[in-house]
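# Fold and contact review
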Amino acid sequence: GMCPTVITPPVGAAPLARPNTPAAPKGGFDPICERATGLSIIPPGDDGVGRVETLFDLPCYMVGPSGPESGGPKKAIVLIYDIFGFAPPNTRHNCDTLAEAGFFVIMPDLFRGSGRRDPAFERPTEEAVDTDLYEKVMPFLKAKGYSVVGLVGFCFGGGVAMRAATTGLFQA
């Protein structure tokens, strides 16, 4: 079925409103999201403290403690970014923050350098995303000895995470 576009509050309840929020343009993106991406507490140009490595044809940002093969923790997190892609500094900052908590974090570049602001951007198919996750990222983590893998997704990545949660491959 289709998701409802309007949620009606219970009788007598005050309607929920976002003050000073312009309506999203027809076919456009939520202006709150657009405004939020312009705000930043992360220094411009910050590339994070991790490194970018390529798994087959898939660039991945990786950060965190040494893994089980070096006696380190067995916990890893796969982070899937929002529709703006791999480049915004907040994506790497999110990875760095999770790594500071003791996790190895890998963020695959599912858009291959593109993102919502790229005029040539095309959202990858679910099949392409699944291939990247299950044939590239997960085998890499397994080969490194990670036995507890969580998945975190923001916006676009949230949809990926919800779909992936049904596979049984992720513990969180």
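The paragraphs below set out a description of the structure included in this document. Remember, it's a predicted structure, so these values are computed and weren't measured experimentally. (Residues numbered from 1 in each chain as written. Predicted model: local features only at pLDDT ≥ 70, side-chain atom pairs only at ≥ 80, totals over all residues. Heavy atoms only, no water.)

So, on to unusual backbone geometry. Within the chain, Arg112 stands out as a residue other than glycine whose phi angle is a positive 50 degrees. Residue position: Arg112 is located in the loop between strand S4 (104-108) and helix H3 (126-143). Judged by its relative accessible area of 33%, Arg112 is partly exposed. Located in the positive-phi region is Cys155, a residue other than glycine, with phi close to 55 degrees. (Helix = DSSP H or I, 4+ residues; strand = E, 2+ residues; numbered from the N terminus. Buried < 20%, exposed > 50% of the residue type's maximum accessible area, 1.4 Å probe, protein only.)

A few words on the nonpolar core. Of all hydrophobic cores here, the largest spans 38 residues; its most connected members are Val78, Ile80, Phe104, Ile106, Leu141, Val149 and Phe156. Secondary-structure elements contributing two or more residues to this core are strand S2 (58-63), strand S3 (75-80), helix H2 (89-100), S4, H3, strand S5 (148-153) and helix H4 (156-164). When residues of this core are assigned to their parent elements, the largest contribution, six residues, is made by H3. The residues contacting Phe104, other than those within four sequence positions of it, are Arg51, Met62, Val63, Gly64, Pro65, Lys75, Ala76, Ile77, Phe140, Leu141 and Tyr146. (Core = buried A, V, L, I, M, F, W, Y, C linked by side-chain atoms within 4.5 Å. Contact = heavy atoms within 4.5 Å.)

A full pass over the atoms with the stated rule returns five aromatic pairs. Their ring planes at 20 degrees and their centres at 5.1 Å tell us that Phe104 and Tyr146 sit as a pair that is stacked. Of the two residues, Phe104 sits in strand S4 while Tyr146 sits in the loop between H3 and S5, which places them 42 residues apart along the sequence. Classification of Phe104 by relative accessible area gives buried; the value is 5%. Within the aromatic cluster, the residues linked to one another by ring pairs are Tyr81, Phe86, Phe111, Phe121 and Phe156. Sitting over the ring of Phe86, Arg92 keeps its end group 4.7 Å from the ring centre. (Phe/Tyr/Trp six-rings, centres within 6.5 Å; stacked < 30°, edge-to-face > 60°. Lys NZ or Arg CZ within 6 Å of the ring centre and 35° of its normal.)

Quick look at the packing of H3 against H4 now. Where H3 contacts H4, the two axes come as close as 12 Å, and the packing angle between them is 70 degrees. What the angle tells us is that H3 and H4 run roughly perpendicular. Contact residues: H3 offers Glu126, Val129, Asp130, Leu133 and Tyr134, while H4 offers Phe156, Val160, Arg163 and Ala164. For the contact of H3 with H4, the per-class residue count stands at six nonpolar, no polar and three charged. (Axes fitted to C-alpha atoms, helices over the stretch in contact; angles between N-to-C directions. Parallel < 35°, antiparallel > 145°, perpendicular 65-115°, else oblique. Nonpolar A, V, L, I, M, F, W, Y, C, P; charged D, E, K, R; others polar.)

Structural measurements only, silent on function.
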